[in-house]
Amino acid sequence: IEACEVLGMGTVAAVPEIAGEHGDLYPLVTTVPQADALVSVGSLPEPISFGPIERVLGGLRFGRATVDPRQAFALPSVQVPGVIDMMGGTRVSVAVT
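Residues numbered from 1 in each chain as written. Predicted model: local features only at pLDDT ≥ 70, side-chain atom pairs only at ≥ 80, totals over all residues. Heavy atoms only, no water.

Draft legend 1. Main features of the overall build of the protein chain. Check the secondary structure of the protein chain and you find one helix and four strands. N-terminal to C-terminal, the α/β element order of the protein chain is α-β-β-β-β. Sequence-distant contacts in the protein chain: of pairs separated by 6 or more residues, those separated by 24 or more amount to 53%. On the protein chain, roughly 7300 Å² of surface is accessible, and the fraction owed to carbon and sulfur atoms is 58%. (Helix = DSSP H or I, 4+ residues; strand = E, 2+ residues; numbered from the N terminus. Contact = heavy atoms within 4.5 Å. Areas by Shrake-Rupley, 256 points an atom, 1.4 Å probe, with all protein chains shown as cover.)

Draft legend 2. Spatial organisation of the nonpolar core. Listed in full, the five residues of the largest apolar core are A65, F73, L75, V80 and V83. Residue contacts for V80: discarding those within four places in its chain leaves F50 and L75. (Core = buried A, V, L, I, M, F, W, Y, C linked by side-chain atoms within 4.5 Å. Buried < 20%, exposed > 50% of the residue type's maximum accessible area, 1.4 Å probe, protein only.)

Draft legend 3. Spatial organisation of the pairing of strand β4 (residues 73-76). In β4, alternate side chains face the same way, and those of F73 and L75 are buried while those of A74 and P76 on the opposite face are not. Both strand β3 (residues 47-50) and β4 contribute to a ladder of four bridges, which runs antiparallel. Residue pairing in the sheet places P47 in a bridge with P76 of β4. (Pairing = 2+ DSSP bridges.)

Draft legend 4. Region of the structure containing the packing of aromatic side chains. All told, the structure shown has one aromatic pair when counted by the stated rule. Plain terms: the ring middles of F50 and F73 are 5.0 Å apart, the flat faces sit at 20 degrees to each other, and that makes the pair stacked. Note that F50 is positioned in strand β3 and F73 in strand β4, a separation of 23 residues in sequence. For F73, a relative accessible area of 8% puts it in the buried group. (Phe/Tyr/Trp six-rings, centres within 6.5 Å; stacked < 30°, edge-to-face > 60°.)

Draft legend 5. Structural detail: the side chain of T11. Of note, T11 is situated in the loop between α1 (2-6) and β1 (13-17). Since its relative accessible area comes to 18%, T11 is described here as buried. At 3.0 Å, the side chain of T11 and the backbone oxygen of M9 are in polar contact. (Polar contact = N/O pair within 3.5 Å; in protein donor to acceptor, adjacent residues only side chain to side chain.)

Draft legend 6. Here's a closer look at the pattern of salt bridges. In total, this model carries one salt bridge according to the counting rule given. The salt bridge involving R70 is made with D68; its shortest N-O contact spans 2.8 Å. Assessed through its relative accessible area of 42%, R70 is described here as partly exposed. Since its relative accessible area comes to 26%, D68 is described here as partly exposed. (Salt bridge = Lys/Arg side-chain N within 4 Å of Asp/Glu carboxyl O.)

This is how it looks when you write it as structure tokens:
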């Protein structure tokens, strides 16, 4: 970001946050004064809750997790493929009722 801005190229960075499981830590690892246009693509350690999965293919665990997906469980979003896309292409959304 800094190098591009110094060369006169306006820069917008899409970055993941590492703000801790509860969002109470510093969200970005590092930044520079020129970083005045940042887009968050999500918080890597933020947990995502899943209900029991009725039909499990490929085994009785989900990725690196040691949880049984036939029971309710939560995983850090970084462990769920497609949730955080460094290019901002994710289609994950939330409905609040």
